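Understanding the architecture of this molecule
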Amino acid sequence: MARLAAARYGKDNVRVYKVHKDEATGTQSVTEMTVCCLLEGQIETSYTEADNSVVVATDSIKNTIYIKAKEHPVNPPELYAAHLGQHFLDKYPHINVANIKVIVHRWTRINIDGKPHPHSFYRDGNETRNVEARVSREAGIELKSAIQGLQVLKSTGSAFYGFVRDEYTTLGETWDRILSTDVDATWTWKTFPTAAAVEQGVERFDQAFEAARTITLKTFAEDESASVQNTMYKMCEEILEKAAEVESVGYSLPNKHYFEIDLSWHKGYKNTGKDAEVYAPQSGPNGLIKCEVARS
Ligand SMILES: O=c1[nH]c(=O)c2[nH]c(=O)[nH]c2[nH]1
């Protein structure tokens, strides 16, 4: 005998663009997002008995993503995700949970001759601002906000020594190395009872995003890093300090290695230790260091 242990369905990779036209100043602002919306509820019979009467078509889910982007602000993405998720619970009594993921892509305003251009933008990196909302009848609105794909490198100010040395160890200790990673930082909010509660004090989301981004970059740059582990922990601590309604902060950081190259075979060139200038960036394998820090 088999049974349906878990099920969710919906539309993924829905690309949405929204423009805000400020008629008074003639300035336009744009947001581009990729949205995923997966529903849970009393939908078992669609899987087990070919009963489509419980299925809100994924095509209709896609349409709803557009309609809610028209009806509501899409900024901050936490608010849009909450409204979108809440809609499915309000509209369909047999749907109990809406899982929404919003990925916001960067369009940064172009400066021309030192002045912000009213309607032209450029992609200044693949970094995204992400939100995952789980909107449920039972538990309210659980929100996770994130920065993903922020690529950083420091050419000094990072060490790694004192680690376990045994018969498996070949890595040398270093007091000066290159440190590079793609930042994936996630902060989890206290649970909100309704979309209206998300809307109240909505500035908290942009403030937390700016704080998380600034703290990540500042700590990365300024910390005399003893390890990826220790530097990321400092970032988490500081974000928790700045964002009162955030319950926990986590990072997942690849350690993107840059290997020294011994060039002494060529005319005795010195290119290791303090003389290292030319390195070999590695595609893999890479370290992967993760943590989640909560309030004690
Ligand atoms: O910051 C680091 N943490 C590690 O756990 C580790 N392991 C390793 O080989 N290099 C590094 N660097």
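Worth saying up front: this structure is predicted, and the values here are computed from it rather than measured. (Residues numbered from 1 in each chain as written. Predicted model: local features only at pLDDT ≥ 70, side-chain atom pairs only at ≥ 80, totals over all residues. Heavy atoms only, no water.)

A few points about the nonpolar core
Put simply, the rule is: By nonpolar core we mean a set of buried residues, namely Ala, Val, Leu, Ile, Met, Phe, Trp, Tyr and Cys, connected to one another through side-chain atoms within 4.5 Å. Relative accessibility decides the category of a residue: with a 1.4 Å probe and only protein chains considered, values under 20% of the type maximum give buried, values over 50% give exposed, and everything between is partly exposed. Two residues form a contact once any of their heavy atoms are found within 4.5 Å.
Ranked by internal contacts, the top residues of the largest apolar core, which has 63 residues, are Val 35, Ile 65, Tyr 80, Ile 100, Leu 143, Trp 187 and Tyr 251. In contact with Tyr 80, other than residues within four places in its own chain, are Met 33, Val 35, Ile 65, Lys 68, Ala 69, Pro 73, Val 74 and Val 102.

Quick word on the UniProt feature "active site" (unreviewed entry) in the protein chain
Applied cut-off: UniProt positions are given in the numbering used here, feature names are shortened, and annotations may be inferred rather than shown by experiment. What counts as a helix is a DSSP run of H or I of at least four residues, what counts as a strand is a run of E of at least two, and both are numbered from the N terminus.
Taking the numbering used here, the UniProt-annotated feature "active site" (unreviewed entry) corresponds to Lys 11, Thr 58 and His 257. Maximum C-alpha separation among the annotated residues is 42.4 Å over a sequence range of 247 residues, too wide for a single clustered spot. Inspection of the secondary structure assignment puts Lys 11 in strand S1 (residues 9–22). Among the residues examined, Lys 11 registers a relative accessible area of 23% and is labelled partly exposed.

Examining the pairing of strand S4 (residues 108–112)
This is how the line gets drawn: Two strands qualify as a pair provided DSSP detects at least 2 bridges between them.
One ladder, built from four bridges, connects S4 with strand S5 (residues 115–122); its direction is antiparallel. Across the sheet, residue Thr 108 finds its bridge partner in S5, namely Tyr 122. Between the end of S4 and the start of S5, which pair antiparallel, lie two residues, with Asp 113 showing a positive phi angle near 50 degrees.

Concerning the environment of Thr 216
Take Thr 216: it is sitting in helix H5 (residues 203–222). A relative accessible area of 1% places Thr 216 in the buried class. Spatially, the C-alpha atoms of Thr 216 and Asn 130 are 16 Å apart, while their sequence positions differ by 86 residues. Among residues more than four places away in sequence, those in contact with Thr 216 are Val 183, Met 235 and Tyr 251.

Details of the UniProt feature "binding site: urate" (unreviewed entry) in the protein chain
Mapped onto this numbering, the UniProt entry annotates "binding site: urate" (unreviewed entry) at Thr 58, Asp 59, Phe 160, Arg 177, Val 228, Gln 229 and Asn 255. Taken together, the annotated residues stretch across 198 residues and extend over separate regions, lying up to 51.7 Å apart by C-alpha. Among the structural elements, Thr 58 can be located in helix H2 (residues 58–71). Not counting residues within four places of it along the chain, the set of residues in contact with Thr 58 comprises Tyr 9, Gly 10 and Lys 11.

A look at the confidence of the model for the protein chain
We count it as follows: Within a predicted model, pLDDT stands for the predictor's per-residue confidence, ranging from 0 to 100.
Residues at a pLDDT of 70 or more form 100% of the protein chain, whose mean pLDDT is 98. Both scores are given for the predicted complex: the pTM is 0.97, the ipTM 0.99.

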